[in-house]
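Take a look at the letters that make up each chain.
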Amino acid sequence: MSRWNCILVVDDDLDLLRAYQEALALDGHTAVLARDGAEALHLLKQGLRPALILLDLLMPRMDAWEFRARQRADPALASIPVIVLYAVETGLSAMKALEVEGFLKKPVDLEVLLRAVAPYVARGGWGAHPQ
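Reference entry: report on the structure contained in this document. It should be emphasised that the depicted structure is a prediction, and the values quoted were computed from it without experimental measurement. (Residues numbered from 1 in each chain as written. Predicted model: local features only at pLDDT ≥ 70, side-chain atom pairs only at ≥ 80, totals over all residues. Heavy atoms only, no water.)

## Examining the nonpolar core
Ranked by size, the top nonpolar core spans 24 residues in total, and within it L8, V10, L44, I53, L55, L57 and F67 carry the most contacts. Core analysis: the next-biggest nonpolar cluster, separate from the first, contains 19 residues, V9, L24, L104 and V108 among them. (Core = buried A, V, L, I, M, F, W, Y, C linked by side-chain atoms within 4.5 Å. Buried < 20%, exposed > 50% of the residue type's maximum accessible area, 1.4 Å probe, protein only.)

Okay, here's the thing in structure tokens:
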């Protein structure tokens, strides 16, 4: 699996996960799915290195804040870019604290989603082309 075409999608809504997976596949990308932050971290610790993580804001077990804290604390994972998907805003300062590349309001129009991921997959994935 080419990492520059791989996107880790993290959401507790199975229907949304399947919709994202289908849209990304139609655009030529591989989507690896996780139902919460804990499952996503497990996949990353096993060696998955996606070009981008699409991360739901509010999930059971491990939400976006805890996931980001653990991701940023791990040097092997800290540089993987993240776009947060949210249905309910939790306050500007709380959302800014996530320090992510962007935010997409749910329900996400699939064309908007594909435009948002394009810069990360088009450049060959994080770290693939040193600047």
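## Some thoughts on the pairing of strand β3 (residues 52-56)
Buried residues dominate β3, accounting for 5 of its 5 residues. Covered by surrounding structure in β3 are L52, L54 and D56 together with I53 and L55, the residues of both alternating faces. Pairing of strand β1 (residues 6-10) with β3, which is carried by 4 bridges, proceeds in the parallel orientation. Note on β3: the bridge partner recorded for I7 is L52. Pairing geometry for β3 and strand β4 (residues 82-86), over 4 bridges, is parallel. Residue D56 lies in a different strand from β4, and its bridge partner there is L85. Handedness of the crossover joining β3 and β4 through helix α3 (residues 64-73) is recorded here as right-handed. (Helix = DSSP H or I, 4+ residues; strand = E, 2+ residues; numbered from the N terminus. Pairing = 2+ DSSP bridges. Right-handed = clockwise from strand over helix to strand, strands pointing away.)

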